[in-house]
Amino acid sequence: MSMARRSARLQVKEAVNTSNSPQNVTATQSLEHGEQDDEEQEERPRKRAKRISAESSGKKAKKKGIASKQLRRVRGKLGLLERLAKDAPMEVILEVFCHLEPRDLLRLARTSRELRNLLMSKTLENIWRAARQNVEDLPPCPHDLSEPQYAFLIYEPICHLCDRRVESVLWSFRMRCCQDCASDLSKFPQYDEEFFARLPQEFRSYDILPRDLILTSERWSWTGHNEITARYKAEYETLQTTEERKTWLNRKEKESQQSRNHRFLCAQWMCRRDIERARELDKLRQQRKEDILTRLNDIGWREEAEIIMKSQRLITWRKDSFAQHKSVNQPRKLTEYGWNIIKDELVTMLSNHKEKRLQTEI
Ligand SMILES: [Zn+2]
């Protein structure tokens, strides 16, 4: 990971943590994406944005003027925004933001410090809300998270404690946590029986404490988060009368139920999204293979590739050494440039296969 990328992530984490302080969030948020395609496409624009940003630092202007300048510096994979940033008024650009999705806004927030500050400001919360509503069936933002924080939680598959990639979300704790961090009590504040025994008696009879299913190095288990629970306990102990405490417990119980319902909806949504994404990737792989076969046909090597596929598929269902070759089995479009890089390697592989096949046949 380059220092520039690391630095950008830390800056956004700071922005999120200082601009909004949700009730339960203790985790850090990251803007790193795991998808290689995205990284390739964004690498150059990000560097350019950083340079432009550095050149212009120190200038003072009125708030609206600053915002306009910030947007005019936007470069990136969203070509429309690049053009807009040059000419369109602020109102138009913000209107365009409303038609994006939260994931796009997260990418934009990475392009420059100015744009990140703008997007993380509370005044743009409605832009994030509109962007979220553009995503089909995405459950609403829970009351204890800001819209950007919700977007981070959903779209950034990174452990909030160490930055490793992790797919699952601990919805009750508003964080992602990898298996190693979950197994390390100095990192993840999982509570034990002793901690639980010190809680007010009422906490046990009312179902109010956030819990989640977590995978440690040993097993899956339901656990609580002692920092969140300690906060609940402190809040509870400031209440003076029995009536106040009962009202608080009822409210927390209701919130807990809502949180569980929301957790279920989010898990469902993510599952559907993952299936859809897997289908898209599979389609891209299939298309790439077809494009490569067409190219091989032009240079007289398609037949050998088809021989491999037909002969090996009989033995291993849908897995043959041609389709599984690292240059073929990729979820990305084949370009002229890409073809020229992989061509010789594939021809060598096919040529070796043909040679061995003919020797066997003799
Ligand atoms: Zn971790």
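Residues numbered from 1 in each chain as written. Predicted model: local features only at pLDDT ≥ 70, side-chain atom pairs only at ≥ 80, totals over all residues. Heavy atoms only, no water.

Right, let's talk about helix H6 (residues 102–109) for a bit. Across the eight residues of H6, eight count as buried, placing the element largely inside the fold. All of the buried residues in H6 are Pro-102, Arg-103, Asp-104, Leu-105, Leu-106, Arg-107, Leu-108 and Ala-109. (Buried < 20%, exposed > 50% of the residue type's maximum accessible area, 1.4 Å probe, protein only. Helix = DSSP H or I, 4+ residues; strand = E, 2+ residues; numbered from the N terminus.)

A few words on the packing of aromatic side chains. Applying the stated rule across the entire model yields six aromatic pairs. Ring geometry for Phe-203 and Tyr-236: centres 5.3 Å apart, planes at 70°, overall edge-to-face. A residue pair is termed long-range when its members are at least 10 positions apart, and Phe-203 in helix H12 (residues 201–205) and Tyr-236 in helix H13 (residues 226–237) qualify at 33 residues. Across this residue pair, the class does not change: Phe-203 and Tyr-236 are buried. Measuring from ring centre to ring centre gives 6.1 Å for Tyr-232 and Trp-248, while their planes differ by 85°; the resulting arrangement is edge-to-face. With a gap of 16 residues between them, Tyr-232 in helix H13 and Trp-248 in helix H14 (residues 242–298) connect regions that are remote in the sequence. (Phe/Tyr/Trp six-rings, centres within 6.5 Å; stacked < 30°, edge-to-face > 60°.)

What follows concerns the nonpolar core. Counting residues in each nonpolar core, the largest one holds 32 residues, and the members touching the most others are Phe-97, Leu-105, Leu-119, Tyr-150, Tyr-155 and Trp-171. Elements that contribute at least two residues to this core include exactly helix H5 (90–98), H6, helix H7 (113–120), helix H8 (125–133), helix H9 (147–155) and H14. For this core, the element with the most residues is H9, which contributes six residues. Apart from the residues within four sequence positions on either side, Leu-105 is in contact with Phe-97, Leu-100, Leu-119, Ile-127, Trp-128 and Ala-131. Grouped together as the second largest cluster of nonpolar side chains are 23 residues, Phe-188, Phe-195, Leu-209 and Leu-239 included. (Core = buried A, V, L, I, M, F, W, Y, C linked by side-chain atoms within 4.5 Å. Contact = heavy atoms within 4.5 Å.)

What follows covers the pairing of strand E1 (residues 211–215). Because side chains alternate across E1, one face comprises the buried residues Asp-212 and Ile-214, and the other comprises Arg-211, Leu-213 and Leu-215, none of which is buried. The turn joining E1 and strand E2 (residues 220–224), which pair antiparallel and follow one another in sequence, is formed by four residues. (Pairing = 2+ DSSP bridges.)

This part covers the coordination of the zinc ion. Around the zinc ion, the protein contributes the donor atoms Cys-159 (SG), Cys-162 (SG), Cys-178 (SG) and Cys-181 (SG), at 2.3 Å from the metal centre. For the zinc ion, the four donor atoms in the first shell make angles of 105 to 117° at the metal, so the coordination geometry reads as tetrahedral. Look at where the donors of the zinc ion fall in the sequence and you get C-x2-C-x15-C-x2-C. (Donors = N, O, S within 2.8 Å, 3.2 Å for Na, K, Ca; no water. Tetrahedral: all angles 85-135°; square planar, octahedral: opposite > 155°, others 65-115°.)

With that settled, consider H7. Taking burial as the measure, the eight residues of H7 include six buried ones, the bulk of the element. Residues of H7 that are buried: Glu-114, Leu-115, Arg-116, Leu-118, Leu-119 and Met-120.

Time to look at the confidence of the model for the protein chain. Summarising the model, the protein chain shows a mean pLDDT of 79, and 74% of its residues fall at 70 or more. Per-element confidence in the protein chain ranges from a low mean pLDDT of 35 for helix H2 (residues 36–55) to a high of 95 for H9. Note that pLDDT drops below 50 for residues 17–64; the model gives that stretch 104 contacts with residues more than four away or on any other chain. Per-residue pLDDT stays below 50 along residues 70–76; that stretch engages in 26 contacts with residues further than four places along the chain or on separate chains. (pLDDT = per-residue confidence, 0-100.)

Of the pairings in the sheet, the one linking E1 to E2 comprises five bridges and is antiparallel in character. Residue pairing across strands places Arg-211 opposite Gly-224, the latter belonging to E2.

Between H6 and H9, whose axes approach to 10 Å, the crossing angle comes to 100°. Considering their axes alone, H6 and H9 lie roughly perpendicular with respect to each other. Across the interface between the two elements, Pro-102, Arg-103 and Leu-106 from H6 touch Ala-151, Phe-152 and Tyr-155 from H9. A breakdown of the residues in the contact of H6 with H9 according to their chemical character gives five nonpolar, no polar and one charged. (Axes fitted to C-alpha atoms, helices over the stretch in contact; angles between N-to-C directions. Parallel < 35°, antiparallel > 145°, perpendicular 65-115°, else oblique. Nonpolar A, V, L, I, M, F, W, Y, C, P; charged D, E, K, R; others polar.)

Below, the discussion takes up the pattern of salt bridges. One pass over the structure, following the stated rule, counts 19 salt bridges. Its salt-bridge partner being Glu-237, residue Lys-233 comes within 3.7 Å of it at the nearest N-O pair. With a gap of four residues between them, Lys-233 and Glu-237 both fall in helix H13, about one helical turn apart. A relative accessible area of 25% means that Lys-233 is categorised as partly exposed. Here Glu-280 ties to Arg-277 by a salt bridge, and the two come within 3.4 Å at their closest N and O atoms. Here Arg-277 and Glu-280 lie together in helix H14, a separation of three residues that amounts to about one turn. (Salt bridge = Lys/Arg side-chain N within 4 Å of Asp/Glu carboxyl O.)

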